[in-house]
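A structural walkthrough
What follows is each chain in one-letter form.
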Amino acid sequence: MTINWIAFLTVFLASIIAACVVVALFATGIRLLATPPHGARPAGAARDEEMDDVEGPQRPRRATVAAVVLFVVAALVALYGIYLIIPALHP
Amino acid sequence: MTAATTALVVLVIVLALIFDFTNGFHDTANAMATPIATGAMRPRVAVAVAAVLNLVGAFLSTTVAQTISGGLIHEGSGGVEIGPEIVFAGLIGAITWNITTWYFGLPSSSSHALFGGLVGAAIVGAGFGAIDYGVLLGKVIIPAVLAPVTAAIVAFLATRIAYSITRRQDGRPDGRRVFRVGQVFSSSLVALGHGTNDAQKTMGVITLTLIAAGLQPAGTAPHIWVIAACAAAIAIGTYTGGWRIIKTLGTGLTAVKPAQGFAAEVSTASTILASSHLGFALSTTHVASGSVIGSGLGRRGSVVRWATARRIVTGWIFTLPAAAVVGAVAQLLVGVGPIGIIIDTVLGVGFMIAVFLRARPERIDANSLEREVAGAGAAVHRPKKRNRRGAAA
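So, on to the overall build of chain B. Regarding its fold elements, chain B presents 14 helices and 0 strands. Moving toward the C terminus, one meets the helices and strands of chain B in the order α-α-α-α-α-α-α-α-α-α-α-α-α-α. Here chain B has a C-alpha radius of gyration of 21 Å; the compact-globule value for 393 residues is 21 Å, and the two agree. When burial is assessed residue by residue, chain B has 60% of its 393 residues classed as buried.

Following this line, the structure appears as structure tokens:
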């Protein structure tokens, strides 16, 4: 038996696309939630923090709405994944 | 059917359920090591969620394989008749190896352990010609190399994306802590995917044994009690939590942070779902380990402990041959007759008890892990008012 390389490449590409799309959607949502209030000044130099919370309710309303939309789209992609693993749903 | 055969079938079912338990126990880490490591879920909550989703997953997908070994052993006409004896010896090999790797805290594939046990038993029962080496290479060995590499690449890219999108240049809070909310969902998806994949394997073993013993017509679906028993065994195993393996995967390979953990879990879920849907089977364990390493390579300033990775890979290399050796020895004893089966059972159970007793003094459990996560969290992040709750938890 030989390896089905086409099937493997399909799995590889599908995994990359699915993972990157979901992570990009969710990350963009978080980026929007972290939008500073209007007229906020930079708080310092760039830094890489792991445990920062978002700034709270002063962010522009549009940013919140857009973030929620992105979270919902990411959730829909995940639901599609669940649909795929339940054989009863696609005979 | 004689009383001896009935007793053997019952024994095989019990062993299959024990194997299913060790399967769940071993694989809790695949879904829950990273959310536990970042504090996204408390350990007890995480294993409870994983257990419920494995239970649900087991009921969602109950199509069993046509052959126990997935073509690895020439089964049926012209090949080996895989009767209850070989399955019995194979399960002894698989369970023994799963317990051993748990003791060393190594994530390892339960399917490989099962295949290994069956291969060893079949070689003793029917000679080296019983094995289809092409299938062994194409379905077991090469995927075991491809799975972690694939997952590592996927997770590396996903982690890079997560960090570059959320990186703020103005020094204001970047909100990455929110990824912990996402982790609850991404790790749940991994747990559900695991349930749909792995409980099936044991259902297949029990169903095919019942068919071989003439207790169930060939080609029929698993009985509802088989489905329920397998679902329960894997869920209880998952809830018991292989804490040693969770520790290795969550904190031993690299220090996992929320954005990175989320990226790793999404990568694991995508790869597993793609592989089971598009027909190129990859082991959940290999994928999850690869994702953690890839995400560690993708995050700036994180360190991957290659010594741990090497230990894990060594475990993977030995999984099939080691389970095969134990399966072969068990099968040799089975050849002696009923007394051999009794000796096998006593030795197997004795081994399990011995390992658990040996593991007791250095017990790793939900509480010790939770303390460790809280300690690491407090040392790493500067507690602000809002964050203190997490650090103290």
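Our focus in this paragraph is the overall build of chain A. Counting secondary structure elements, chain A contains 2 helices and 0 strands. Here the C-alpha atoms of chain A give a radius of gyration of 19 Å, more than 25% beyond the 12 Å that 2.2 N^0.38 yields for 91 residues. Considering only C-alpha atoms, chain A reaches an extent of 65 × 30 × 20 Å along its principal axes. Expressed as a percentage of the 91 residues in chain A, the buried residues total 33%.

Let's shift gears to the packing of helix 3 (residues 84–103) of chain B against helix 11 (residues 306–336) of chain B. Residue and element names in this part refer to chain B. Where helix 3 contacts helix 11, the axes come no closer than 7 Å and their chain directions differ by 140°. Our classification of the angle between helix 3 and helix 11 gives oblique. Here the hand of the crossing between helix 3 and helix 11 comes out right-handed. Mapping the contact onto sequence places Glu-85, Ile-86, Phe-88, Ala-89, Gly-90, Ile-92, Gly-93, Ala-94, Thr-96, Trp-97 and Thr-101 in helix 3 and Gly-315, Thr-319, Ala-322, Ala-323, Ala-324, Val-326, Gly-327, Ala-330, Gln-331 and Val-334 in helix 11. Class assignment of the residues belonging to the contact of helix 3 with helix 11 gives a composition of 12 nonpolar, 8 polar and 1 charged.

A word on the nonpolar core. In this structure, Val23(A), Phe88(B), Leu91(B), Ala158(B) and Cys230(B) are the most contacted members of the largest nonpolar core, which totals 144 residues. Counting residues per element, this core draws most heavily on helix 1 (residues 3–38) of chain B, which supplies 16 residues. Every residue in contact with Cys230(B), bar those within four places of it in the chain, is listed here: Asp20(B), Ala58(B), Ala199(B), Thr202(B) and Met203(B).

For the rest of this paragraph, the subject is the packing of helix 1 of chain B against helix 2 (residues 43–60) of chain B. Residue and element names in this part refer to chain B. Taken N-terminus to C-terminus, the directions of helix 1 and helix 2 make an angle of 125°; their axes are 10 Å apart at the nearest point. With respect to helix 2, the element helix 1 is oriented oblique. Taken as a pair, helix 1 and helix 2 cross one another with a handedness that is right-handed. Counted together, Gly-24, Thr-28, Ala-31, Met-32, Pro-35 and Ile-36 of helix 1 and Pro-43, Ala-46, Val-47, Ala-50 and Asn-54 of helix 2 form the full contact between these two elements. Partitioned by chemical class, the residues of the contact of helix 1 with helix 2 number 8 nonpolar, 3 polar and no charged.

Listed per partner, the contact involves 57 residues of chain B and 48 residues of chain A. When contributions to the side of chain B that touches chain A are tallied by element, the ones reaching two or more residues are helix 5 (133–166), helix 6 (179–212) and helix 9 (258–278) of chain B. The element contributing the most residues to the side of chain B that touches chain A is helix 9 of chain B, with 14 residues. A breakdown of the residues in the side of chain B that touches chain A according to their chemical character gives 26 nonpolar, 21 polar and 10 charged.

Relative to the helices and strands, Val23(A) is located in helix 1 (residues 5–33). Owing to 32 C-beta atoms within 10 Å, Val23(A) belongs among the buried residues under this scheme. As a C-alpha pair, Val23(A) and Ala74(A) span 51 residues in sequence and 8.1 Å in three-dimensional space. The contact partners of Val23(A), leaving out residues within four places of it in the chain, are Ala158(B), Ile161(B), Ala162(B), Ala263(B) and Val266(B).

Once that is clear, we can look at helix 5 of chain B. Helix length check: helix 5 of chain B, at 34 residues, gives a terminal C-alpha distance of 48 Å against a target of 50 Å (1.5 Å per residue), a fit within 8%. Where helix 5 of chain B bends most, at Pro143(B), the angle is about 40°.

In this section: the environment of His74(B). Residue and element names in this part refer to chain B. Along the chain, His-74 falls in the loop between helix 2 and helix 3. Spatially, the C-alpha atoms of His-74 and Ala-130 are 5.5 Å apart, while their sequence positions differ by 56 residues. Residue contacts for His-74: discarding those within four places in its chain leaves Gly-79, Val-80, Ala-130 and Asp-132.

With respect to the secondary-structure elements, Lys257(B) resides in the loop between helix 8 (243–252) and helix 9. With 30 C-beta atoms packed within 10 Å, Lys257(B) lands in the buried category. Apart from the residues lying within four places of it in its own chain, the contact partners of Lys257(B) are Glu50(A), Thr38(B) and Arg299(B).

Turning our eyes to something else, we now look at the confidence of the model for chain B. For chain B, per-residue confidence averages 89 on the pLDDT scale, and 94% of positions sit at 70 or higher. Note that pLDDT drops below 50 for residues 379–393 of chain B; the model gives that stretch 17 contacts with residues more than four away or on any other chain.

Definitions and limits used
Residues numbered from 1 in each chain as written. Chains lettered and ligands numbered in written order. Predicted model: local features only at pLDDT ≥ 70, side-chain atom pairs only at ≥ 80, totals over all residues. Helix = DSSP H or I, 4+ residues; strand = E, 2+ residues; numbered from the N terminus. Rg over C-alpha atoms; globule rule 2.2 N^0.38 Å. Buried ≥ 20, exposed ≤ 12 C-beta atoms within 10 Å, placed from the backbone. Axes fitted to C-alpha atoms, helices over the stretch in contact; angles between N-to-C directions. Parallel < 35°, antiparallel > 145°, perpendicular 65-115°, else oblique. Left-handed = near helix turned anticlockwise from the far one by under 90°. Contact = placed C-beta atoms within 7 Å. Nonpolar A, V, L, I, M, F, W, Y, C, P; charged D, E, K, R; others polar. Core = buried A, V, L, I, M, F, W, Y, C linked by C-beta atoms within 7 Å. Expected span 1.5 Å × (residues − 1). Bend = angle between axes of the 7 residues up to and from the residue. pLDDT = per-residue confidence, 0-100.

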